[in-house]
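Spelled out, the chains give:
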Amino acid sequence: MTYVVIENCIKCKFMDCVEVCPVDCFYEGENMLVIHPDECIDCGVCEPECPAEAILPDSEESTQGWIALNEEYADKWPNITAKGESPADAEDWNGKTGKKEHLSTNPGNSG
Ligand code: SF4
Ligand code: F3S
């Protein structure tokens with residue numbers, strides 16, 4: 001099992017999640033984070049911290065389609081262990097549908 005970052009993270013990228021993960025298993029893209037499925041220990045502490053409700057356990061139906069994306073980009077993007085600056089319009093994007101087309105595959109650089 002693992003926890004999974006899903007669509008509503010895109011262009012919100014609040015990063016509260018990285019501050020609480022005990023094993024630092026978040027990886028950063030330009031406008032989204034993902035969780036490394038082999039490193040996540042299923043503690044669940046990140047789920048309630050996300051203001052966008054964009055983190056769920058992979059047992060939830062709505063993570064289907066996002067599990068492979070988390071796995072792929074956890075290997076391509078840099079590790080992130082501290083909260084950086086969220087997009088200025090993050091709140092405007094919270095809850096919007098059809099965000100997947102806005103996903104940037106570029107790596108992030110908050111560190
Ligand atoms: Fe990290 Fe725990 Fe969230 Fe997994 S469930 S990403 S280990 S905080
Ligand atoms: Fe994304 Fe939520 Fe973390 S919006 S960066 S999963 S706090």
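The structure this text deals with has already been given above.
Residue positions are given per chain, counting from 1 as you read along its sequence in written order. Throughout, the order in which chains and ligands are written sets their labels, letters from A for the former and numbers from 1 for the latter. Given that this is a predicted model, residues contribute local features only at a pLDDT of at least 70 and side-chain atom pairs are listed and counted only at 80 or more, while totals for whole chains, interfaces and linings are drawn from all residues. With hydrogens and water stripped out, all remaining heavy atoms of the structure feed into the side-chain values.

Caption draft 1: Representation of the overall build of the protein in the model. Here a helix means four or more residues in a row that DSSP labels H or I, a strand means two or more in a row labelled E, and each is numbered from the N terminus. Looking only at helices and strands, the protein has three helices and four strands in total. Going from the N terminus to the C terminus, the protein shows its helices and strands as β-α-β-β-β-α-α. It is over C-alpha atoms that the radius of gyration is taken, and the globule rule equals 2.2 Å times the number of residues to the power 0.38. For a compact globule of 111 residues, the expected C-alpha radius of gyration is about 13 Å, and the protein comes in at 12 Å, within 12% of that figure. Accessible area is worked out with a 1.4 Å probe on protein chains only. A residue is then buried under 20% of its type maximum, exposed over 50%, and partly exposed in between. Within the protein, the proportion of its 111 residues that are buried is 45%. Long-range contacts, defined as pairs at least 24 residues apart, comprise 78% of the intrachain contacts of the protein with a sequence gap of at least 6. The Shrake-Rupley method, run with a 1.4 Å probe sphere, supplies the accessible areas, and residue values consider only the shown protein chains as cover. Surface accessibility of the protein: about 5600 Å² in total, with carbon and sulfur atoms responsible for 44%. Between the centroid of the 7 positive side chains of the protein and the centroid of its 23 negative side chains there is a distance of 8 Å. Working rule for contacts: check all heavy atoms of both residues, and any pair within 4.5 Å makes them a contact. A positive count includes Lys and Arg, and a negative count includes Asp and Glu. His and the chain ends are not counted in either. Just so you know, the charge point we use is NZ for Lys, CZ for Arg, CG for Asp and CD for Glu.

Caption draft 2: Here's a closer look at a negative patch on the surface. Only residues whose relative accessible area exceeds 30% and that take part in no salt bridge are eligible for patches, with like-charged residues grouped when within 9 Å of each other and nonpolar side chains (Val, Leu, Ile, Met, Phe, Trp, Tyr) grouped when within 5 Å. One side-chain nitrogen of Lys or Arg within 4 Å of one carboxyl oxygen of Asp or Glu is enough to make a salt bridge. A cluster of like negative charges, contributed by Asp 38, Glu 39, Glu 71 and Asp 75, occupies part of the molecular surface. With respect to the helices and strands, the residue Glu 39 is situated in the loop between β3 (33-35) and β4 (55-57).

Caption draft 3: Structural detail: the site of ligand 2. One heavy atom suffices: a residue is near a molecule or strand as soon as one of its heavy atoms comes within 4 Å of it. Inspection of the region around ligand 2 gives Cys 9, Lys 13, Phe 14, Met 15, Asp 16, Cys 17, Leu 33, Cys 50, Pro 51, Ala 52 and Ile 55 as its neighbouring residues. Charged means Asp, Glu, Lys or Arg here, nonpolar means Ala, Val, Leu, Ile, Met, Phe, Trp, Tyr, Cys or Pro, and polar covers whatever is left, Gly included. Each residue belonging to the shell around ligand 2 can be placed in one class, and the counts come to nine nonpolar, no polar and two charged.

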